[in-house]
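Now for the letters of each chain:
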Amino acid sequence: MNLFGFSGLFFLLPLIAGNTIRGSGARRLSSSDSDSSCPLPSRFYETAINSQFHGEIGGWDRNPIASNGVGIGESSGNCLMLPGQRRFGCIVTLEFPNEGNLMLQGFESSRANVDMTLGIVGGTGCHEGKTGSYRVRANSRFNKMTYTLD
């Protein structure tokens, strides 16, 4: 095995990424998160106004997100339809002004009104080190997504 060649990269990547993602500062989020300086909403909505889907690839940039009718930030990301499945593999970045970003990754359904889970895989600013997941559900017109903190 060539340690620094193609096969070596796949051997080392899980070790490097695992240590980075599971750093000692990680903490699980909950709807009663005690970090009052940087709370995350337990439920918020994304309105798909800046989205484009072409066949099996979709992307969006700066879709507004709101909680209790108040704008709290923006969502950007992309999804790829998985072969033979009725779901998308997605990467989402939530931008919260003056707080930082929260990065999510996982699967979203190609069917309306189906809960799917996106894991929190990273954060910046006051969201750095947070872990957990959000359940995501699209409405029947796929123009509004509901995120609920697990």
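The shown structure was predicted, so the numbers you read here are calculated from the model rather than taken from an experiment.

Cut-off values and rules
Chains are numbered independently. Their residues run from 1 in the order of the written sequence. Two thresholds apply to this predicted model, a pLDDT of at least 70 for residue-level local features and 80 or more for giving and counting side-chain atom pairs, whereas whole-chain, interface and lining totals are computed over all residues. To obtain the side-chain values, all non-hydrogen atoms of the structure were used and water was disregarded. We count a stretch as a helix when DSSP gives it H or I for four or more residues in a row; a strand needs E for two or more, and each element gets its number in order from the N terminus. Side-chain atoms alone can form a polar contact between residues adjacent in sequence; in general such a contact is a pair of N or O atoms within 3.5 Å, and within protein one must be able to donate a hydrogen while the other accepts it. Note on definitions: a residue-residue contact is assigned when non-hydrogen atoms from the two residues lie within 4.5 Å. Centres within 6.5 Å are what make two rings of Phe, Tyr or Trp a pair, Trp counting through its six-membered ring; a difference in plane orientation under 30 degrees is then read as stacked, over 60 as edge-to-face, and the rest as tilted. When a residue's accessible area, from a 1.4 Å probe over protein chains only, is under 20% of the maximum for its type it is buried; when over 50% it is exposed; and in between it is partly exposed. By definition here, charges over rings are those cases where NZ of Lys or CZ of Arg is within 6 Å of the ring centre and within 35 degrees of the ring normal. Known as pLDDT, the predictor's per-residue confidence is scaled from 0 to 100. For the purposes of this section, nonpolar cores are sets of buried Ala, Val, Leu, Ile, Met, Phe, Trp, Tyr and Cys residues that join through side-chain atoms within 4.5 Å.

Draft legend 1. Highlighting the side chain of Ser109. Structurally, Ser109 can be placed in strand β7 (residues 100-109). Side-chain polar atoms of Ser109 contact the backbone nitrogen of Arg111, separated by 2.9 Å. The contacts of Ser109, once residues within four sequence positions are left out, are Arg86, Arg87, Phe88, Val114, Met116 and Phe142.

Draft legend 2. Summary view of the packing of aromatic side chains. Following the criterion strictly, the structure yields three aromatic pairs and no others. Here Phe44 and Tyr147 contribute two aromatic rings whose centre-to-centre distance is 4.7 Å and whose plane-to-plane angle is 10 degrees, an arrangement assigned as stacked. Taken together, the positions of Phe44 in strand β2 (residues 43-47) and Tyr147 in strand β11 (residues 144-149) put the pair 103 residues apart, joining distant regions of the chain. Each member of the pair Phe44 and Tyr147 is classed as buried. Taken together, the aromatic side chains of Phe44, Tyr134 and Tyr147 make up a single cluster linked through ring pairs. It is Arg87 that lies over the ring of Phe107; its NZ or CZ is 3.8 Å from the centre. Lying over the aromatic face of Tyr45, Lys144 brings its terminal NZ or CZ to 4.6 Å of the ring centre.

Draft legend 3. Structural view of the environment of Ile91. Turning to its location among the elements, Ile91 is positioned in strand β6 (residues 87-96). In this view, Ile91 contacts Trp60, Ser76, Gly77, Asn78, Leu104 and Gln105; residues no more than four positions away in its chain are not counted.

Draft legend 4. Expanded view of the confidence of the model for the protein. Of all residues in the protein, 76% have pLDDT values of 70 or greater, and the mean over the chain is 78. Between the elements of the protein, mean pLDDT differs from a low of 36, seen in helix α1 (residues 6-21), to a high of 95, seen in strand β8 (residues 116-123). Within the model, the stretch residues 1-34 combines pLDDT values under 50 with 34 contacts to residues more than four positions away or in other chains.

Draft legend 5. How the structure looks around the nonpolar core. Within the largest apolar cluster, 20 residues are counted, with the highest numbers of intra-cluster contacts made by Val92, Leu94, Leu102, Leu104, Tyr134 and Tyr147. If you list the elements that add at least two residues to this core, you get β4 (57-67), β6, β7, β8, β10 (133-138) and β11. Looking at this core, the element that brings in the most residues is β6, giving five residues. The residues contacting Leu102, other than those within four sequence positions of it, are Leu40, Val92, Thr93, Leu94, Phe96, Ile120, Gly122, Gly123, His127 and Tyr134.

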